[in-house]
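# Observations on chain architecture
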Amino acid sequence: MAFDFDLFVIGAGSGGVRASRLAAMAGAKVAVAEEYRAGGTCVVRGCIPKKYMVYASEFARSLHHMKGYGWTVENATYDHNMFMDRMHREIDRLSGIYARNVRNAGVEMIDERAEFEDAHTLRLVKSNRTITAGKILIATGGTPSLPVDIEGIELAVSSNEMFHLESIPEHIVIIGGGYIAVEFAGIMSGLGARVCLAYRGETVLRGFDDDVRTQVHEELKRKGVKVITHASPVKLTKDGDRITVHFSNGEMAGGDKVLFATGRDPNTDGLGLAKAGVKMNAKGAVIVDGSSRTNIAHIFAVGDVTDRVNLTPVAIREGQAFAQSEFMNLPTTFDHKDIPHAVFAQPPVGVVGMTEADARKAFGMVDVYKTRFRPMKDMLTGDEERVLMKIVVRAEDERVVGVHIVGPDAPEIIQAVAIAVKMGATKADFDRTCALHPSIAEELVTLREKFVPSELKPQT
Ligand code: NDP
């Protein structure tokens, strides 16, 4: 049977763009459909604008630091409109580059939504055109998930709207304790908002190492963020411009903006996956195997829509492995182990590998090396921020199985450390490496003393 295209990709985000370009460059006839803007969540309403907002907000603290170094800065002010305008112009530029690169690779870029009609047929919703393809890649990403059963939830915004704020709110209430909640708490606080972060658990960043969680939680509070714990939102009400969040524990928090950062859902609604026979899990994520193949042999899925590890570089690698395997005769699987990741909190978090708790569960005996210290730069600024560095080592062979950093440049440091961890470096390899002085990262190669949990210390 002759198809219109060898490959049809739904979604021109990080994974879809990488896969479609590589397949087209290998000679395949490829089309990619995008209902919103090329670049996807990362470029348009995720990593890139978020990081610009982190940069914008960090200047408040830099201004304070400058005084400690003898500088006088008079009348420094922040112009939100100017910043937003510049940021969005940069996003437009990047999105344009994504679209251009796709076209330059010979891919047909279709600026509208595509939905399945059957396992080989897609319908373009706006033009009502029908297209057939030999292989189909679902790369539709994810979307913020707000608990719809909460009364008044329509008064809240998601991260999508945070990139289009007309002004910085005076008070903002942030619901959630994950990546997005913690990152926006730092951003909003740095830009001058009074921030209340409400988390339903005990300590933010569930899933991260306990020491990292405690450190980030404490730093949020130290930076003036009001953190309410054990607080599940049950209702939102509005009085004038003020929105009040009512919590299950009887507490309330009010602000002129309420952000729900309560996770993201895979983007599969209305995609017609049932018509194609593609199986999803209970959360609506497309189920795939290690080669990103669905239960239908010629349909694949990569990135957040599969809800594996929801990070841009992972979607890119999954898209690349798919294109190499299916169109370049280079069978490739992407290894999801030891993926470095960061939370752009203030100070930021950088992590690779296992938490101490997971390592203890997996290996029994582990050695832990950790330190907490004030960075040299802050000695003159009076800032009380602390750096945390932690190395988790499998005792049986001294292999470093986890590195956790909270502190300035942690994401930059961890990207390099991830190479060593991926290569299987041991603690002895770290120790053999000469320190670079003075730096924060040098602590990674000078940690000598094993940390003994108090319950394991001999009684004196
Ligand atoms: P996360 O899954 O990280 O966190 C969701 C938070 O919301 C958790 O604290 C969760 O609590 C809480 N929550 C969930 N449902 C409710 C509810 N009904 N009521 C109250 N609280 C609730 O999601 P995010 O939205 O922060 O981020 C989504 C994903 O995007 C991340 O997991 C990550 O993969 C990606 N991302 C990555 C970034 C990066 O790499 N720097 C930055 C931003 C996003 P609990 O802990 O109890 O489950």
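None of the values given here were measured: they were computed from a predicted structure.

### Examining the overall build of the chain
What the chain contains, in helices and strands, is 12 helices and 21 strands. Computed over C-alpha atoms, the radius of gyration of the chain comes to 24 Å, within 12% of the 23 Å expected from 2.2 N^0.38 for 460 residues, which places it in the range of a compact globule. Viewed in the frame of its principal axes, the chain has a C-alpha envelope of about 80 × 65 × 45 Å. For the chain, buried positions account for 51% of its 460 residues. Across the chain, the fraction of contacts at a sequence separation of at least 24, relative to all contacts at a separation of at least 6, is 61%.

### Thoughts on the pairing of strand 13 (residues 252–255)
As paired elements, strand 12 (residues 242–247) and strand 13 share 4 bridges and run antiparallel to each other. Looking across to strand 13, one finds that Ile-243 is bridged to Gly-255. Between strand 12 and strand 13, which pair antiparallel and follow one another directly, the connecting turn spans 4 residues, one of which, Gly-250, has a positive phi of 90°.

### Observations concerning helix 6 (residues 179–190)
With 12 residues, helix 6 extends 17 Å between its outermost C-alpha atoms, agreeing within 8% with the 16 Å of an ideal straight helix rising 1.5 Å per residue. Within the span of helix 6, buried status applies to Ala-181, Val-182, Glu-183, Phe-184, Ala-185, Gly-186, Ile-187 and Met-188. In the segment just after helix 6, Gly-192 is the residue with positive phi, at about 105°.

### Digging into the environment of Val-44
Checked against the element boundaries, Val-44 lands in helix 2 (residues 40–45). The buried category is assigned to Val-44, whose relative accessible area is 4%. The spatial distance from the C-alpha of Val-44 to the C-alpha of Pro-438 is 38 Å, given a sequence separation of 394 residues. Discounting chain neighbours no more than four positions away, the residues touching Val-44 are Tyr-36, Arg-37, Ala-38, Pro-49 and Ile-91.

### Details of unusual backbone geometry
The peptide bond linking Gln-346 to Pro-347 adopts the cis configuration, its omega dihedral lying at 5°. Inspection of the secondary structure puts Pro-347 in the loop between strand 17 (341–343) and strand 18 (349–353). Residue Pro-438 is reached from His-437 by a cis peptide bond, and omega for that bond is -10°. Tracing the sequence through the fold places Pro-438 in the segment after helix 12 (427–432). Look at Asn-128: it is not a glycine, yet its phi comes out positive at around 60°. Relative to the elements of secondary structure, Asn-128 occurs in the loop between strand 5 (121–124) and strand 6 (130–138). Phi is positive for His-230, close to 55°, though the residue is something other than glycine. Position of His-230 among the secondary structure elements: in the loop between strand 10 (226–228) and strand 11 (233–239).

### Things to note about the packing of aromatic side chains
To describe a pair of aromatic rings, you give the distance between the ring centres and the angle between the ring planes. On inspection of all chains with the given rule, the structure shows 7 aromatic pairs. Between Tyr-52 and Tyr-55, the ring centres sit 6.3 Å apart and the planes meet at 65°, which makes this aromatic pair edge-to-face. Remark: Tyr-55 and Tyr-52 occur in helix 3 (residues 47–68); sequence separation between them is 3 residues, near one turn of the helix. Tyr-52 sits in the partly exposed class, given a relative accessible area of 30%. Overall, Tyr-55 belongs to the partly exposed group, its relative accessible area being 42%. Ring geometry for Phe-300 against Phe-322: centres 4.8 Å apart, planes inclined by 50°, an arrangement best described as tilted. In this pair, Phe-300 sits in strand 16 (residues 299–301) while Phe-322 sits in helix 9 (residues 312–327), placing the two residues 22 residues apart along the sequence. Judged by its relative accessible area of 2%, Phe-322 falls in the buried class.

Cut-off values and rules
Residues numbered from 1 in each chain as written. Predicted model: local features only at pLDDT ≥ 70, side-chain atom pairs only at ≥ 80, totals over all residues. Heavy atoms only, no water. Helix = DSSP H or I, 4+ residues; strand = E, 2+ residues; numbered from the N terminus. Rg over C-alpha atoms; globule rule 2.2 N^0.38 Å. Buried < 20%, exposed > 50% of the residue type's maximum accessible area, 1.4 Å probe, protein only. Contact = heavy atoms within 4.5 Å. Pairing = 2+ DSSP bridges. Expected span 1.5 Å × (residues − 1). Phe/Tyr/Trp six-rings, centres within 6.5 Å; stacked < 30°, edge-to-face > 60°.

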